[in-house]
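Analysis of the macromolecular model
As a plain string of letters, each chain reads:
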Amino acid sequence: MDKETMDRCNKLSNQIIGAAIEVHRHLGPGLLESAYEECLCYELSKLNIKFQRQIPLPVKYKTVQLDCGYRLDLLVEKLVIVESKSVQEIDPIHEAQLLTYLRIANLWLGLLINFNVKRLKDGIRRIVN
């Protein structure tokens, strides 16, 4: 990955985190993941940041492409994967899932955001492929 793309990813991740903090500030913890995702999309739209929601992620196995039902919550600017959670705590399996998504999609940066926390900064994991 070239430095320019890495810098762009880092800038985007800061903007995404800022938008997520804004959502959490207004909603707090305790809602379903879908509510946070919808509000995060609203905030990204206000910032004129392009994103796609619920993107199918096929798995390539040897020479076969399989649709296994995996979906990215958000793909931001075709550079950063955002996985939203509303769970008691982030488990290692959530981090492994995002890392696998990054590998399959051949992307460098992902954000795992758990909105079910008192302070959002405690619920953010930055995962690098």
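Please read all numbers here as calculations on a predicted model, not as lab measurements.

**Comments concerning the side chain of His94**
The topology assignment puts His94 in helix α3 (residues 92-105). Those residues within four positions of His94 in sequence are excluded, and the remaining contacts are Lys85, Val87, Glu89 and Leu112.

**Some details on the pattern of salt bridges**
One pass over the structure, following the stated rule, counts 8 salt bridges. Arg53 is the salt-bridge partner of Glu37, the closest N and O atoms lying 3.1 Å from each other. Residue Glu37 is found in helix α2 (residues 33-46), and its partner Arg53 is found in strand β1 (residues 51-56); the two are separated by 16 residues along the sequence. The class of Arg53 is partly exposed, set by a relative accessible area of 34%. Glu95 serves as the salt-bridge partner of Arg125, at 3.3 Å between the closest nitrogen and oxygen. Highlighted residues: Arg125 in strand β7 (residues 124-128) and Glu95 in helix α3, separated in sequence by 30 residues. Salt bridges linked by common partners bring Glu37, Glu38 and Arg53 together as one network.

Reading the values: rules and limits
- Residues numbered from 1 in each chain as written.
- Predicted model: local features only at pLDDT ≥ 70, side-chain atom pairs only at ≥ 80, totals over all residues.
- Heavy atoms only, no water.
- Helix = DSSP H or I, 4+ residues; strand = E, 2+ residues; numbered from the N terminus.
- Contact = heavy atoms within 4.5 Å.
- Salt bridge = Lys/Arg side-chain N within 4 Å of Asp/Glu carboxyl O.
- Buried < 20%, exposed > 50% of the residue type's maximum accessible area, 1.4 Å probe, protein only.

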